[in-house]
Amino acid sequence: MLDPRPHLGEPLALDLLNTRWIADGPQDLLTDAAGLQIWLESAGLADHAPADAATLDAVRTARAAIYETVCHGTRNALNEVLDHGRIRRTLMETGPEDAPEVTDPAWLPGWLAADDLLRLLSKAPDRIRQCAHSQCVLFFYDTSKNGTRRWHSMASCGNRTKAARHYAKKS
């Protein structure tokens, strides 16, 4: 099945946040195992965890923890998700390797998303943004050269904002 979300291609942590969006009202991809399967496939994780109730619960828990961290700066819920796994470092014939280890396979997708948020926070926390359009709940990682991107998509939210501003001036 096709991924119905309006914005794809963000880093894993933000991609998980973007499983909720607004289109004719609030939408949530993670309401059932079928939606979870779509997200797992889109994220390249379908072979790593089953699309079952346990994984759905763990992924929703991770999404809530990531949201709280990004929007409110809290750490406890994210740390609880991270407690379900670790990175195991080994030396292989091909060189060093980092492999995630989780206490339960159901936690792997959510744990990977939480770990990805740590990567984004260590790299450039100020580049993690929520779309500036008042009716949009999507997130993006600002990769623009000057770091001033405001909308998840200039084609949709950016144009709507600019059009509204234009019409307000004419009134």
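Since this is a predicted model, take the numbers as computed values, not measurements.

Asker: Before we move on, could you go through the overall build of the protein and cite the residues and values that matter?
Answerer: Looking only at helices and strands, one finds six helices and six strands in the protein. Expressed as a percentage of its 171 residues, the buried residues of the protein come to 37%. Across the protein, every contact between residues at least 6 apart in sequence was considered, and the portion connecting residues at least 24 apart equals 48%. Accessible area of the protein: about 9900 Å², with a carbon and sulfur share of 52%.

Asker: Could you give me a rundown of the side chain of Asp-116, with the residues and numbers involved?
Answerer: Within the secondary structure layout, Asp-116 lies in helix α5 (residues 108-123). Side-chain polar atoms of Asp-116 contact the backbone nitrogen of Ala-13, separated by 2.9 Å.

Asker: Could you give me a rundown of the pairing of strand β3 (residues 85-92), with the residues and numbers involved?
Answerer: Sheet topology places β3 next to strand β4 (residues 95-102); eight bridges connect them, and they run antiparallel. Considered in β4, the bridge of Thr-90 is made with Glu-97. Linking β3 back to β4 in an antiparallel pair, the connection comprises two residues.

Asker: An account of the pattern of salt bridges is needed here, citing residue identities and associated values.
Answerer: Considering all chains together, one arrives at nine salt bridges under this definition. Here Asp-15 ties to Arg-5 by a salt bridge, and the two come within 3.1 Å at their closest N and O atoms. On the criterion of sequence distance, the pair formed by Asp-15 in helix α1 (residues 12-17) and Arg-5 in the segment before α1 is long-range, its members being ten residues apart. For Asp-15, a relative accessible area of 5% puts it in the buried group. Under the relative-accessibility criterion, Arg-5 is labelled buried at 5%. Ionic pairing is found between Asp-98 and Arg-89, a salt bridge with its closest N-O pair at 2.6 Å. On the basis of relative accessibility, which here comes to 45%, the residue Asp-98 falls in the partly exposed class. Accessibility expressed as a relative area gives 63% for Arg-89, which makes it exposed.

About the criteria used
Residues numbered from 1 in each chain as written. Predicted model: local features only at pLDDT ≥ 70, side-chain atom pairs only at ≥ 80, totals over all residues. Heavy atoms only, no water. Helix = DSSP H or I, 4+ residues; strand = E, 2+ residues; numbered from the N terminus. Buried < 20%, exposed > 50% of the residue type's maximum accessible area, 1.4 Å probe, protein only. Contact = heavy atoms within 4.5 Å. Areas by Shrake-Rupley, 256 points an atom, 1.4 Å probe, with all protein chains shown as cover. Polar contact = N/O pair within 3.5 Å; in protein donor to acceptor, adjacent residues only side chain to side chain. Pairing = 2+ DSSP bridges. Salt bridge = Lys/Arg side-chain N within 4 Å of Asp/Glu carboxyl O.

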